[in-house]
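Coordinates in review
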Amino acid sequence: MKEFTIDEKRAGQRFDKYLQKLLKEAGTGFLYKMLRKKNIVLNDKKASGKEILEAGDVIKIYLADETYDKFAGPPLRVPLKTGPKKGRRLEVIYENKDVLLLNKPRGVLSQKAKEGDYSLVEMLRDYLLASQVLSPQDLQSFSPGICNRLDRNTSGLVIAGASVYGLQQMSELLRTRHVNKYYLALVHGRLKDSLTIKGFLTKDEKKNIVTISETAGESYIETFYEPLAFSEELTLLKVKLITGKTHQIRAHLQSIGHGLVGDYKYAGSVRNDKYKSQYGLSAQFLHSYEVVFPELPERLSDLSRQSFQAPLPALYKTILEDIQWQHGIPAVSEVLR
């Protein structure tokens with residue numbers, strides 16, 4: 001017999017989902033059969049699998065050791081040495097027992113695309129292991145994760161969950177657009193007025209590129225921008241995603257003639273080569289700068305109505321400092337702090 005007690009990290013998920021993680025090699029039919037036969041019980045009572053687990057719940061699994069080991073699968077392989085890899089250090093802007101706010105570096109994947117990738121998710125896992133918030137045993141039935149993703153070369157704030165509750169709450173806030181997310185974007189051309197632009201986005205999955213139309217497409221999109229400063233050739237924008245689709249900011253701004261500096265995919269090379277030559281900027285100047293939370297439940301009260309900002313990468317600071325701004329110098333000074 002195996003016995004497991006639910007802690008706060010795992011509380012909040014459905015019982016059957018928990019069992020599927022614990023006994024990952026077993027089919028759902030087998031798990032439900034074991035529940036019906038009371039070979040798996042919750043708090044010493046027969047369960048359907050639909051129950052929402054609470055901290056302190058006790059699960060007992062009456063299976064032979066060899067049967068349990070067969071369905072549990074091989075032990076999870078966790079690196080013997082946890083912590084930063086490949087010179088990458090996880091920058092944590094804020095942390096509690098449920099939620100972390102991370103400053104993702106440029107060039108780091110949010111989630112791995114293939115085996116062997118070391119993405120922000122693995123950086124998060126290793127950080128939590130190294131700080132002993134999680135143990136290797138915890139990872140058998142719970143995986144910390146991120147709730148929003150950024151392109152590889154977009155830096156800045158990513159919301160992560162260190163518990164089931166944190167993941168659920170943050171994912172729901174993002175889904176219902178109750179978290180306000182703001183980006184800093186350096187674009188070609190001069191923009192003087194704030195504006196909400198609207199359109200339709202269509203994605204080409206094979207080419208990983210999107211197109212924008214004013215009249216029809218796969219997904220309706222809205223993007224709000226506020227000019228913070230401008231020079232003769234460039235404008236620094238604070239952008240709010242009203243909808244959040246792949247490459248939305250990059251493609252939407254390019255569609256109105258103001259592509260991002262450094263963005264070779266959407267803004268081309270003619271205007272960007274000098275920034276690559278002078279600064280080594282080979283990808284879009286786009287930074288997830290700020291998140292603002294609404295009123296939240298008591299367990300997350302320390303986040304309620306709070307805003308958090310992620311410092312700019314050093315390269316972006318250098319570029320902004322070199323620009324001869326004609327308007328908005330106080331705003332530039334603020335983001336350079």
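What you see is a predicted model; the values in this text were computed from it and never measured. (Residues numbered from 1 in each chain as written. Predicted model: local features only at pLDDT ≥ 70, side-chain atom pairs only at ≥ 80, totals over all residues. Heavy atoms only, no water.)

Right, let's talk about helix α4 (residues 120-130) for a bit. Of all 11 residues in α4, 9 are buried, a share of seventy percent or more. Residues of α4 that are buried: Leu120, Val121, Glu122, Met123, Leu124, Arg125, Asp126, Leu128 and Leu129. Tucked into the core, α4 has its buried residues touching β4 (92-95), β5 (99-104), β6 (145-146) and β7 (155-161). At the C-terminal side of α4, Gln132 shows a positive phi close to 65 degrees. (Buried < 20%, exposed > 50% of the residue type's maximum accessible area, 1.4 Å probe, protein only. Helix = DSSP H or I, 4+ residues; strand = E, 2+ residues; numbered from the N terminus. Contact = heavy atoms within 4.5 Å.)

The next subject is the pattern of salt bridges. Counted under the stated rule, the structure contains 20 salt bridges. Across the pair Lys114 and Asp117 runs a salt bridge, and its minimum N-O distance is 3.2 Å. Residue classification places Lys114 among the exposed positions, given a relative accessible area of 55%. Salt-bridge contacts for Asp263 lead to Arg250; the nearest nitrogen and oxygen are separated by 2.9 Å. With Asp263 in the loop between α6 (248-255) and α7 (264-267) and Arg250 in helix α6, the pair connects residues that are 13 residues apart, well separated along the chain. (Salt bridge = Lys/Arg side-chain N within 4 Å of Asp/Glu carboxyl O.)

Before going further, it helps to spend a moment on the packing of aromatic side chains. A full pass over the atoms with the stated rule returns 6 aromatic pairs. Between Phe30 and Phe71, the ring centres sit 4.4 Å apart and the planes meet at 35 degrees, which makes this aromatic pair tilted. Of the two residues, Phe30 sits in helix α2 (residues 28-36) while Phe71 sits in helix α3 (residues 65-72), which places them 41 residues apart along the sequence. Among the residues examined, Phe71 registers a relative accessible area of 13% and is labelled buried. Between Phe285 and Tyr316, the aromatic rings sit 4.0 Å apart at their centres with planes inclined by 20 degrees, giving stacked as the arrangement. With Phe285 in the loop between α8 (273-279) and β13 (286-292) and Tyr316 in helix α9 (residues 314-322), the pair connects residues that are 31 residues apart, well separated along the chain. Each member of the pair Phe285 and Tyr316 is classed as buried. Members of the aromatic cluster, joined through ring pairs, are Tyr94, Phe293 and Phe308. One cation-aromatic arrangement involves Lys238 over Tyr182; the distance from NZ or CZ to the ring centre is 4.9 Å. One residue, Arg299, lies across the ring of Tyr165, its end atom 4.3 Å from the ring centre. (Phe/Tyr/Trp six-rings, centres within 6.5 Å; stacked < 30°, edge-to-face > 60°. Lys NZ or Arg CZ within 6 Å of the ring centre and 35° of its normal.)

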